[in-house]
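If you want the building blocks of each chain, they are given just below.
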Amino acid sequence: MTGSRILSLGHYQPSRVVTNDEIAQLVETSDEWIRDRVGIAARRIAGDETVADMAAAAADKALANSGLNAADIDLVVVATCTSIDRSPNVACRVADKLGIDAPGAYDVNTACSGFAYALGTVDHAVRAGASRNALVIGAEKLSDFTDWTDRSTCIIFGDGAGAAVVTAAGEDEPAGVGPVVWGSVPERGDAVRIQGWRPYVAQEGQTVFRWATTALAPLALQACERAGVDPSELAAFVPHQANSRIIDGIAKRLNIPQAIIAKDIVESGNTSAASIPLALSKLVERREVPAGAPVLLFGFGGGLTYAGQVVRCP
Ligand code: UT7
């Protein structure tokens, strides 16, 4: 049972930057309110790009950074809740675009916790011997599901993708992806939803806010415990980028003053399943976290699902 590790990362964001002032022309809101209450200054909104286009662009970069090539990849897993097509799934489309021959290919939909869930399933596949080199991707085009007349949601979301190449760790190498702690609160699953035919995102924001700031820190600490990593050793905390105040609230309870707290939300908004790999990829690209250092990932959102694990930075 060899563990797995993240070998490399990559990300893609659409070029169009949408500022808070631009959104204030659509609904009654202001740059000041959005910055204060959510922590977002701008977000990227896709044009013609599909979820699969963005996923493939991020995966292509992760693959280029890995030293491997398409022929080495045997599994593609995409976390998304905003793919419009029911089939083929996004993973197959990504494999086709990148010329990956005959990989296992499936999508995971646990909304904003999707990347940590997908990484968990890939780690299990590697441990079980079902994969040696995998692509794990979080990709979302939330703008397709946004009601641009609803100020309680349209200020929040953005589009983008992040990807990781995950490989089997060597026999004598410590696992670079820690055990996943995952779960959900199905009885409150409707608190964030994209439901029905031609749906929009809707949510009970305060319910989610309270849940996130009270219930999640102990679960994130469980992920540290299961990885055998003391929180004081964490080099960085990369939670789902839902709201700056939620991120600060969880980080405070984790008591990790030494750790970098990812705040990609400021520039990217809430990109659901893409937010963790996007933020992590940028931290690594900027060399803010040393290779091998422990980083706590923690996703949460629709379902109400959550998942997190400690990974070693590539
Ligand atoms: O990623 C998926 C998981 N989702 C989340 O994690 C979301 C968690 N929740 C949140 O981040 C926050 O609850 C929101 C950002 C969604 C909302 O912030 P809030 O501080 O909880 O605001 P609120 O809903 O309590 O509204 C406060 C006031 C209300 O006015 P009144 O009733 O007090 O007069 C709202 O009508 O702010 C008003 N408001 C706005 N004002 C200006 C709501 N949205 C806006 C807006 N601009 N965009």
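In case you missed it, the structure is sitting above this.
These numbers were taken from a predicted model, which means no experiment stands behind them. (Residues numbered from 1 in each chain as written. Predicted model: local features only at pLDDT ≥ 70, side-chain atom pairs only at ≥ 80, totals over all residues. Heavy atoms only, no water.)

Undergrad: Honestly, the overall build of the protein in this entry has me stumped. Any pointers?
TA: A tally of regular secondary structure across the protein gives 9 helices and 14 strands. Taken over the C-alpha trace, the protein has a radius of gyration of 18 Å; the compact-globule value for 314 residues is 20 Å, and the two agree within 12%. The dimensions of the protein, computed from C-alpha atoms along their principal axes, are 55 × 45 × 40 Å. In the protein, once contacts between residues fewer than 6 apart in sequence are set aside, the share between residues at least 24 apart is 77%. Entry remark: accessible area of the protein is about 13000 Å², with carbon and sulfur atoms responsible for 47%. (Helix = DSSP H or I, 4+ residues; strand = E, 2+ residues; numbered from the N terminus. Rg over C-alpha atoms; globule rule 2.2 N^0.38 Å. Contact = heavy atoms within 4.5 Å. Areas by Shrake-Rupley, 256 points an atom, 1.4 Å probe, with all protein chains shown as cover.)

Undergrad: Looking at this structure, I do not really get the site of the ligand. What am I missing?
TA: What surrounds the ligand is a group of 20 residues, the closest being Thr-29, Arg-37, Gln-206, Asn-243 and Asn-270. At 2.7 Å, a side-chain N or O of Arg-37 approaches an oxygen atom of the ligand. One nitrogen or oxygen atom from the side chain of Arg-151 is found 3.0 Å from an oxygen atom belonging to the ligand. Protein coverage of the free-state accessible area of the ligand, which is 950 Å², stands at 72%. Breaking the shell around the ligand down by element, the ones donating at least two residues are helix 2 (31–37), helix 6 (205–227) and helix 7 (244–254). For the shell around the ligand, the element with the highest residue contribution is helix 6, accounting for 4 residues. In terms of residue class, the shell around the ligand is made up of 9 nonpolar, 7 polar and 4 charged. (Near = heavy atom within 4 Å. Polar contact = N/O pair within 3.5 Å; in protein donor to acceptor, adjacent residues only side chain to side chain. Nonpolar A, V, L, I, M, F, W, Y, C, P; charged D, E, K, R; others polar.)

Undergrad: I tried to follow the sheet that holds strand 6 (residues 133–141) on my own but got confused; where do I start?
TA: Note: strands within a sheet are paired through backbone hydrogen bonds, in either parallel or antiparallel orientation. Within the open sheet, the 5 strands sit side by side as 1-7-6-4-5. Their pairing is mixed. Since the sheet does not close on itself, it has two edges, and those belong to strand 1 (4–12) and strand 5 (104–108), each with one partner. Neighbour to neighbour, the strand axes of the sheet diverge by 15° on average, direction disregarded. This element, helix 3 (residues 51–66), spans strand 1, strand 6 and strand 7 (159–168) of the sheet and lies at about 125° to strand 1. (Pairing = 2+ DSSP bridges. Axes fitted to C-alpha atoms, helices over the stretch in contact; angles between N-to-C directions.)

Undergrad: I keep staring at helix 9 (residues 275–285) and nothing clicks. Help me out?
TA: Of all 11 residues making up helix 9, 9 are buried, and the element is well covered by its neighbours. All of the buried residues along helix 9 are Ser-275, Ile-276, Pro-277, Leu-278, Ala-279, Leu-280, Ser-281, Lys-282 and Leu-283. One or two positions beyond helix 9, positive phi appears at Arg-287, with a value near 55°. (Buried < 20%, exposed > 50% of the residue type's maximum accessible area, 1.4 Å probe, protein only.)

Undergrad: When you look at the packing of aromatic side chains in this model, what are you seeing that I'm missing?
TA: The relation between two aromatic rings is expressed through the spacing of the ring centres and the mutual angle of the planes. For the structure on display, the rule yields 4 aromatic pairs. Ring geometry for Tyr-117 versus Trp-182: centroids 5.1 Å apart, planes at 20°, classification stacked. Highlighted residues: Tyr-117 in helix 5 (residues 114–127) and Trp-182 in strand 8 (residues 181–184), separated in sequence by 65 residues. Assessed through its relative accessible area of 14%, Tyr-117 is described here as buried. A relative accessible area of 37% places Trp-182 in the partly exposed class. Between Phe-298 and Tyr-306, the ring centres sit 6.3 Å apart and the planes meet at 10°, which makes this aromatic pair stacked. Residue classification places Phe-298 among the buried positions, given a relative accessible area of 2%. Given a relative accessible area of 12%, Tyr-306 falls into the buried group. (Phe/Tyr/Trp six-rings, centres within 6.5 Å; stacked < 30°, edge-to-face > 60°.)

Bear in mind that shape data such as this cannot, by itself, settle questions of function.
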